[in-house]
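Architecture and fold: a report
One-letter residues, chain by chain:
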Amino acid sequence: MEGQSVEELLAKAERDEAEKLQRITVHKELELEFDLGNLLASDRNPPTALRRAGSAPEAELRALARDNTQLLINQLWQLPTERVEEALVAHLPEPATRLPREKPLPRPRPLTRWQQFARLKGIRPRKKTNLVWDEVSGQWRRRWGYQRARDDTKEWLIEVPGGADPLEDQFAKRLQAKKERVAKNELNRLRNLARAHKMQLPSAAGLHPTGHQDRDELGRAMQVAKVSTASVGRFQERLPKEKAPRGSGKKRKFQPLFGDFAAEKKNQLELLRVMNSKKPQLDVTKATNKQMREEDQEAAARRRKMSQKGKRKGGRQGPGGKRKGGPPSQGGKRKGGLGGKANPRPSGPGGKRKGGQHPGGKRRK
Amino acid sequence: MDALDRVVKPKTKRAKRFLEKREPKLSENIKNAMLIKGGNANLTVTQVLRDVYALKKPYGVLYKKKNITRPFEDQTSLEFFSKKSDCSLFMFGSHNKKRPNNLVIGRMYDYHVLDMIELGIEKFVSLKDIKNSKCPEGTKPMLIFAGDEFDVTEDYRRLKNLLIDFFRGPTVPNIRLAGLDYVLHFTALNGKIYFRSYKLLLKKSGCRTPRIELEEMGPSLDLVVRRTHLASDDLYKLSMKMPKALKPKKRKNISQDTFGTTYGRIHMQKQDLSKLQTRKMKGLKKRPAERITEDQENKPKRIKNN
């Protein structure tokens, strides 16, 4: 008897639950796709009921909308909720639909001249207070800007310094100095800006005479000017100690069509021999140069890592840190052996090289 | 370009804030829509634009005057408007004999037209014609797309993407469940798109989730796709590019087995087991006397070999 009543109770409970859920369940052939971050639902089922409705589909549309909305609401109510100021708030996930941006991605700006220097030296900005005590006026004033603390152009009495002309206007001199400082600041800002833009368009940068070109720009401009003659720079004179520019000249050299017959025969026979031989040929020079270049790259990467680690430890230089003001043998190209290095390099696979050069390998630049 | 990177720097903080709002950012602002009337817009089209503006308030601009342009021929004036008002979505309404009740809906990328789709309005019931209560402006709508035609052709897929982009509203992390007010329902059937908007009524059901009843509230449009001007694939891909900072970060070296236990992986270098630091047992420590006898044992062996 009791067993039966327990079963009956369970069955009744199930039926009750089914009834409760009946009000919110919707039957669909294909499940909807939900993007809850956008409160979006996509129904892929073909709308057969609507097709039957024909011209006035309003009621059918509303029924379809009600079903779809019910499903979406069911999904939304299953999200994790919390109570925020007497309102039940659901935590939405990230939107899944990918939509195009309205503006392109911001490009990283290149560092200014000061920022590069500070990064190299490990200088960090020091936090400064907003207001400074001004003795003259006896109040706290801002550090710079309108009515700043120590404004030397606003003084009402200036002593003529010892070696100066007594008829000179000292007030005008101070104003002039301030104007020059402002102009210099503006110039540097524009130069930083131009450098940042030059990084983005490096083609025609230094070719127009502005008066503020740096050394490489001037060199490039001079080369371009030399080549812009009718005979493409062949008869241009050079200064006594001026070197020929690198990188100009023919990029590929071809042998003349008929010349040295013996050398041609030798080359062809050598080619046939190499093609016929079963063993692969090893070009010792190429192999050793490749090996040396790889070792150089590894050593450079390790040095950079060490210098980065050194920077992280509060700006002090680590053992392998790059120093611009260091001994002059460090910068520039390395010629010949490596005995000229001042700081001890971490000896990795290149440890054996410290004595001399590789046997049989030429150091090609 | 930053506000500070311009040749002429902004002189006031207000100007600086204005420029900073408009510059490209990692996570972008909410897209604004501009609603423009063409040179020959009739009453229907004007009313449609006003209704859509009501739906899109406050993220929209409705231009009152008529502008004589043709979006499909010349996009420069649209781009100029977009730059001036910083709007990346637009809707342009016009009417002529060849294309009656025309509505061009589109979006911009970097102030240039990305996608444009021309829709014809066949039937229109306005907000004022349906006499019941409306929902407050600025609420985030729910969007539902029904019909399998939305995934068949590229045109319809882009149209779906464009409609989501247009009507989406701000992206929020949390939403008040009682504040879900209205739903926009798009059905694609026989080449027509039925756009209906309903107000949501939450009724009691036995369990926690409420039963939904809908009441027709807002503008209802029957649309037909006319011309399209879609962006080329690579421009579209460029516009979809997500910055690396916003991509979800992968958690490496963590795995879970079927029972739910989380495993982590640690990578170690090779250890020299002879130099391993174990617990020190003072009793087993070698006393100096023992060490000397060991050495003496080793040494005679060497002398013998010599």
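As recorded in an unreviewed UniProt entry, chain B goes by Ribosome production factor 2 homolog and comes from Erinaceus europaeus. Listed in UniProt under the heading Subcellular location (unreviewed entry), the comment for chain B reads: "Nucleus, Nucleolus". Annotation of chain B in UniProt includes, under Sequence similarities (unreviewed entry), the sentence "Belongs to the RPF2 family."

As named in an unreviewed UniProt entry, chain A is Ribosome biogenesis regulatory protein, taken from Erinaceus europaeus. Of chain A, the UniProt comment under Subcellular location (unreviewed entry) reads exactly: "Nucleus". Here chain A is described in UniProt, under the heading Function (unreviewed entry), as follows: "Involved in ribosomal large subunit assembly."

**Observations concerning the overall build of chain B**
In terms of helices and strands, chain B carries 6 helices and 13 strands. Residues counted as buried form 43% of the 306 residues belonging to chain B. Considering only contacts in chain B between residues 6 or more positions apart, those separated by 24 or more positions represent 66%. Summing over all exposed atoms, chain B offers an accessible surface of approximately 19,000 Å²; the carbon and sulfur share of this is 53%.

**Comments concerning the overall build of chain A**
Counting its secondary structure elements, chain A contains 8 helices and 6 strands. The secondary structure elements of chain A, listed N-terminal to C-terminal, are α-β-β-α-α-β-β-α-β-β-α-α-α-α. Going through the 365 residues of chain A one by one, you find that 20% of them count as buried. When the accessible area of chain A is evaluated, it comes to approximately 30,100 Å², of which 55% is carbon and sulfur surface.

**Examining the interface of chain B and chain A**
Contacts between the two partners involve 76 residues from chain B, matched on the other side by 57 residues from chain A. Run the count over chain B and chain A and you get 5 salt bridges. A salt bridge links aspartate 86 of chain B to lysine 103 of chain A, with the nearest nitrogen and oxygen atoms 3.1 Å apart. Applying the counting rule to chain B against chain A returns 32 residue pairs in polar contact (both at pLDDT 80 or more). Broken down by element, the side of chain B that touches chain A gets its largest block of residues, 6 residues, from strand β10 (residues 211–216) of chain B. Among the residues forming the side of chain B that touches chain A, the class breakdown is 35 nonpolar, 13 polar and 28 charged. Examined bridge by bridge, strand β4 (residues 87–91) of chain A and strand β7 (residues 174–176) of chain B share 3 bridges and lie antiparallel to one another. Looking at the pairing, valine 89 of chain A lines up with arginine 176 of chain B of β7 of chain B.

**Some thoughts on the nonpolar core**
With 38 residues, the main nonpolar core has Phe166, Phe167 and Phe186 of chain B as its most contacted residues. When residues in this core are grouped by element, the largest group, 7 residues, is from helix α4 (residues 154–167) of chain B. The contact partners of phenylalanine 186 of chain B, leaving out residues within four places of it in the chain, are Leu143, Ile144, Phe145, Ala146, Phe150, Leu163, Phe167, Tyr194 and Phe195 of chain B. If you look at the next biggest cluster of nonpolar residues, it comprises 30 residues, including Leu92 of chain A together with Ala146, Leu177 and Leu189 of chain B.

**Overview of unusual backbone geometry**
The peptide bond linking lysine 57 of chain B to proline 58 of chain B adopts the cis configuration, its omega dihedral lying at -5 degrees. Considering the arrangement of structural elements, one finds proline 58 of chain B in the loop between α2 (43–56) and β2 (60–66). Positive phi values are uncommon outside glycine, yet leucine 39 of chain A reaches one of about 55 degrees. By relative accessible area, which is 0% here, leucine 39 of chain A ends up buried. One non-glycine residue with positive phi stands out, namely glutamate 86 of chain A, at about 65 degrees.

**Some thoughts on the packing of aromatic side chains**
The relation between two aromatic rings is expressed through the spacing of the ring centres and the mutual angle of the planes. A full pass over the atoms with the stated rule returns 11 aromatic pairs over all chains. Aromatic pair tryptophan 114 of chain A and phenylalanine 117 of chain A: ring centres 5.8 Å apart, planes at 40 degrees, arrangement tilted. Of the two residues, tryptophan 114 of chain A and phenylalanine 117 of chain A are both situated in helix α4 (residues 113–121); the distance of 3 residues between them amounts to about one turn of the helix. By relative accessible area, tryptophan 114 of chain A is classed as exposed at 53%. A relative accessible area of 40% means that phenylalanine 117 of chain A is categorised as partly exposed. Here tyrosine 63 of chain B and phenylalanine 81 of chain B contribute two aromatic rings whose centre-to-centre distance is 5.4 Å and whose plane-to-plane angle is 40 degrees, an arrangement assigned as tilted. Taken together, the positions of tyrosine 63 of chain B in strand β2 and phenylalanine 81 of chain B in helix α3 (residues 76–85) put the pair 18 residues apart, joining distant regions of the chain.

**Re the confidence of the model for chain A**
Per-residue confidence for chain A gives a mean pLDDT of 79; residues scoring 70 or more make up 80%. A low-confidence stretch, residues 314–361 of chain A stays under pLDDT 50, and its non-local contacts, those more than four residues away or across chains, total 53 contacts.

**Comments concerning the sheet that holds strand β3 (residues 81–84) of chain A**
One open sheet accounts for 3 strands, arranged β3(A)-β4(A)-β7(B); its pairing is antiparallel. Unpaired on one side and paired on the other, β3 of chain A together with β7 of chain B mark the two borders of the sheet. Strand-to-strand twist in this sheet, taken as the mean axis angle between neighbours without regard to direction, amounts to 35 degrees. Two elements, β3 of chain A and β4 of chain A, share 4 bridges in a ladder whose sense is antiparallel. Bridging across to β4 of chain A, arginine 83 of chain A finds its partner in leucine 88 of chain A.

**As for the pairing of strand β6 (residues 142–146) of chain B**
When you tally the buried positions in β6 of chain B, you get 5 out of 5 residues, the bulk of the element. The sheet contact formed by strand β2 (residues 40–43) of chain A and β6 of chain B spans 4 bridges and is parallel. Looking at the pairing, alanine 41 of chain A lines up with isoleucine 144 of chain B of β6 of chain B. Bridging between β6 of chain B and strand β8 (residues 182–189) of chain B involves 5 bridges; their strand directions are parallel. Considered in β8 of chain B, the bridge of methionine 142 of chain B is made with valine 183 of chain B.

**A closer look at a positive patch on the surface**
Together, Arg98 of chain A together with Lys241, Lys244 and Lys247 of chain B line one region of the surface with positive charge. In this structure, lysine 247 of chain B sits in the loop between α5 (233–240) and β12 (254–256).

**Here's the deal with a negative patch on the surface**
Residue and element names in this part refer to chain A. Taken together, Glu14, Asp16, Glu17 and Glu19 make up a surface patch of like negative charges. Here glutamate 14 is to be found in helix α1 (residues 2–22). Given a relative accessible area of 61%, glutamate 14 falls into the exposed group.

**A closer look at the environment of proline 57 of chain A**
As for its position among the elements, proline 57 of chain A is in the loop between α2 (48–53) and α3 (58–77). Assessed through its relative accessible area of 5%, proline 57 of chain A is described here as buried. Aside from chain neighbours lying at most four places away, what touches proline 57 of chain A is Leu50 of chain A together with Tyr194 of chain B.

Each value, and the rule that gives it
Residues numbered from 1 in each chain as written. Chains lettered and ligands numbered in written order. Predicted model: local features only at pLDDT ≥ 70, side-chain atom pairs only at ≥ 80, totals over all residues. Heavy atoms only, no water. UniProt positions renumbered as here; feature names shortened; annotations may be inferred. Helix = DSSP H or I, 4+ residues; strand = E, 2+ residues; numbered from the N terminus. Buried < 20%, exposed > 50% of the residue type's maximum accessible area, 1.4 Å probe, protein only. Contact = heavy atoms within 4.5 Å. Areas by Shrake-Rupley, 256 points an atom, 1.4 Å probe, with all protein chains shown as cover. Salt bridge = Lys/Arg side-chain N within 4 Å of Asp/Glu carboxyl O. Polar contact = N/O pair within 3.5 Å; in protein donor to acceptor, adjacent residues only side chain to side chain. Nonpolar A, V, L, I, M, F, W, Y, C, P; charged D, E, K, R; others polar. Pairing = 2+ DSSP bridges. Core = buried A, V, L, I, M, F, W, Y, C linked by side-chain atoms within 4.5 Å. Phe/Tyr/Trp six-rings, centres within 6.5 Å; stacked < 30°, edge-to-face > 60°. pLDDT = per-residue confidence, 0-100. Axes fitted to C-alpha atoms, helices over the stretch in contact; angles between N-to-C directions. Patch = residues over 30% accessible without salt bridge, like charges linked within 9 Å, V, L, I, M, F, W, Y side chains within 5 Å. Lys, Arg positive; Asp, Glu negative; His and termini not counted. Charge placed at Lys NZ, Arg CZ, Asp CG, Glu CD.

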